[in-house]
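As a plain string of letters, each chain reads:
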Amino acid sequence: MGKIELVGVEKAFGNVHVIRNVHLQVEDGEFVVFVGPSGCGKSTLLRLIAGLEDTTGGKILIDGTDVSDTPPAKRGLSMVFQSYALYPHMSVRSNIGFGLRMAGMPKEERNRKVEAAAQVLNLTPYLDRRPGQLSGGQRQRVAIGRAIVREPKAFLFDEPLSNLDAALRVNMRLEIARLQDTLGTTAIYVTHDQIEAMTLADKIVVLSAGQIEQVGSPLELYDHPANLFVAGFIGSPKMNFVTGQAAAARGAATIGVRPEHIAGSRTDGEWAGTVTVAEHVGSDTFLYVAVPGIGDITMRAVGEFALKPGESVYLTPDPDRIHRFDAEGQAMLAAR
Amino acid sequence: MARRISTTHRVTATAAGWLVGFLIFFPILWMVLTSFKTELDAFSTPPQFLFFHWTTENYAIVQERSNYLHHAMNSIILAFGSTAVALVVAIPAAWSMAFAPTKRTRDTLLWMLSTKMMPPVGVLVPIYLLFRDGGLLDTHIGLIMVEFLANLPIVVWMLYTYFKEIPKDILEAARMDGATIGKELIFVLAPMAVPGIASTVLLNVILAWNEAFWTLNLTTVDAAPLTTFIASYSSPEGLFWAKLSAASTLAIAPILVLGWFSQKQLVRGLTFGAVK
């Protein structure tokens, strides 16, 4: 079991409130991703759950028990750090087995468990090496091995992939997804990368300035962002926001439309503009268009759309895919 | 791309390097040479560099007049004793300042260092009186206490710097793995800090070995280390250069050998953190 509940969790460093009144439920076996810009408090929230920081208010429950004052090791969670945080003077075997050793497990049993974990992570040939002799991806796998071998109630991942290069990151992302699926262990994963969030999560928690902006499945957040912040944060390239006349015409203070929900044409359409930059990446074409009276709009066309900077283009947003926000930036329900 | 260095540049730099090295080494060389001269040659003008009457009589006389081994033993007891006591106090202190700092940690560190700026002679009289009344004059315990306290700020500072270099994440990982503070110190922090602790020990042994002010003022015979042994040759009857040199050579020999064998550790210790 690994059900985690946050009830009104607060954290302040002196007068600085980094986490404000956070309520959240993480179900057993769920993969939850905390996402948000840097400094939004997502890592702090994870460290509060881990017990590496003390809360200044509220309660943290694991399987119904209040663990707010329980030391990290007694919470039954394991953590994978951004920097891997391996013990440099120990072999891979001792690194993975350190937690079991601290728990007083006999050596044979410990070895058996370490070897089983190494098998799962393809680390068997490296068991007697030191972390310094491994590549970045292998080190990351050792860190994950150290987390799974203790059979925790939940895994906590603190931006585990940000030190890896792009290709390796995609591979490790798949590995983590597969591993969590096989083990069925609850996972909380912190990242600032919304692609990682979208691909890994059962449930995404978007944080900003120490508060939860929205909780939902990846597609819920994509299709129904609760406010301007979430709308702008989820999706790449970013959603276009238009204020003024065009928004007022739709009864909103701001309207938002994603680049992929704008149709482009050389001949006619709702907004006439001029291409400023055109990015042709083969599978897609990204056009950055200056539209008088509207602003700069990004549009994405599938495949090749042969337009050059300086040429004029007509854009038509998909009326069913327009998001409307009120003056406070909150999403307005019901289209038009 | 590597920077190109011309041959002339390399030759000049090498020559300059050797010159500076020789200048630094020369006093020691001169002392060793003098220790093999007769008292008369030691005073001669112009000084004789290599072509004099080589003799080992000074060493014989020094051995006869005083008990070298007794003083050497005292030096070892004082140097290693004071360093050991300093470590026992400084490791926990540096640990808490490096990993659980408070608002005042910086001030505390600076304050500790500032005590090294005060001239020791300023507190000689009170300390002397304390020693006299406490029966600590010329005892190992008393001298170990003074040397330990004199070097404590440096030991804490050095260990603090080494501990700061250890990533906090690793200690947090150990905490997640269920290590108590004690186990964290023994299994994770200490092994990672061994190079740092080693060079701290080394530097402090050397400092304590050469410490002369307190040892000269607070000891006479029983606890007198090699510094007192050297000083005894600069007596009111006159300065016996050759014998003084012989005594000094004997006094620095052990520490020189220790330093030679551990120079790698020392250099690493002194430049630790400068290069990643």
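Within an unreviewed UniProt entry, the label attached to chain B reads Sorbitol/mannitol transport system permease protein, and the organism entered is Kaistia hirudinis. Quoted straight from UniProt, the Sequence similarities (unreviewed entry) entry for chain B says "Belongs to the binding-protein-dependent transport system permease family." Listed under Subcellular location (unreviewed entry) in UniProt, the entry text for chain B is "Cell membrane".

The name given to chain A in an unreviewed UniProt entry is Multiple sugar transport system ATP-binding protein, with Kaistia hirudinis as the source organism. For the record of chain A, the UniProt heading Subcellular location (unreviewed entry) holds the text "Cell inner membrane". Annotation of chain A in UniProt includes, under Sequence similarities (unreviewed entry), the sentence "Belongs to the ABC transporter superfamily."

This next bit is on the sheet that holds strand E11 (residues 240-243) of chain A. Residue and element names in this part refer to chain A. Ordered by their spatial adjacency, three strands build an open sheet running E11-E12-E18, and the pairing between neighbours is antiparallel. Bordering the open sheet on either side are E11 and strand E18 (323-325), each of which pairs with just one other strand. Within the sheet, the average angular offset between the axes of one strand and its neighbour, ignoring direction, is 25°. Where E11 and strand E12 (residues 254-257) come together, four bridges link them in antiparallel fashion. Following the sheet pairing, Thr-243 is matched in E12 by Thr-254.

Turning our attention to the UniProt feature "domain: ABC transporter" (unreviewed entry) in chain A. The sites that carry the UniProt feature "domain: ABC transporter" (unreviewed entry) are, in the present numbering, residues 4-234 of chain A. Summarising residues 4-234 of chain A: 36% helix, 26% strand, and an end-to-end C-alpha distance of 25 Å.

Residue and element names in this part refer to chain B. UniProt records the feature "transmembrane region" (unreviewed entry) at residues 12-33, 76-97, 109-131, 143-163, 184-209 and 240-261, using the numbering of this structure. As a span, residues 76-97 carries 100% helix and 0% strand, and end to end its C-alpha atoms are 30 Å apart. Split by type, residues 240-261 is 95% helix and 0% strand. Its first and last C-alpha atoms lie 32 Å apart.

In terms of domain boundaries, chain A breaks down into domain 1 (4-229) and domain 2 (237-325). Summarising the inter-unit geometry, the C-alpha centres of domain 1 of chain A and domain 2 of chain A are found 38 Å apart.

What follows covers the interface of chain A and chain B. Taken together, the contact pairs 16 residues of chain A with 14 residues of chain B. Residue contributions to the side of chain A that touches chain B peak at three residues, all from helix H2 (residues 92-102) of chain A.

Moving on, we get to the pairing of strand E3 (residues 31-35) of chain A. Residue and element names in this part refer to chain A. The element E3 is largely enclosed, with a buried count of five among its five residues. Neither face of E3 is open: one carries Phe-31, Val-33 and Val-35, the other Val-32 and Phe-34, and all of them are buried. As paired strands, E3 and strand E8 (residues 186-191) are joined by five bridges and run parallel to one another. Bridge assignment links Val-35 to a residue of E8, and that residue is Thr-191. With four bridges joining them, E3 and strand E9 (residues 203-208) adopt parallel strand pairing. Bridge assignment links Val-32 to a residue of E9, and that residue is Lys-203.

What follows deals with unusual backbone geometry. Residue and element names in this part refer to chain A. Cis geometry marks the peptide bond from Ser-236 to Pro-237, where omega comes out at -5°. One can find Pro-237 in the loop between helix H8 (228-233) and E11. Of note, Glu-151 is a non-glycine position whose phi angle comes to about 45°, a positive value. As for its placement among the helices and strands, Glu-151 is situated in the loop between helix H4 (136-148) and strand E7 (154-158). Positive phi values are uncommon outside glycine, yet Ala-209 reaches one of about 50°. Along the chain, Ala-209 turns up in the loop between E9 and strand E10 (211-216).

Cut-offs used in this document
Residues numbered from 1 in each chain as written. Chains lettered and ligands numbered in written order. Predicted model: local features only at pLDDT ≥ 70, side-chain atom pairs only at ≥ 80, totals over all residues. UniProt positions renumbered as here; feature names shortened; annotations may be inferred. Pairing = 2+ DSSP bridges. Helix = DSSP H or I, 4+ residues; strand = E, 2+ residues; numbered from the N terminus. Axes fitted to C-alpha atoms, helices over the stretch in contact; angles between N-to-C directions. Domains from an automatic or database assignment. Contact = placed C-beta atoms within 7 Å. Buried ≥ 20, exposed ≤ 12 C-beta atoms within 10 Å, placed from the backbone.

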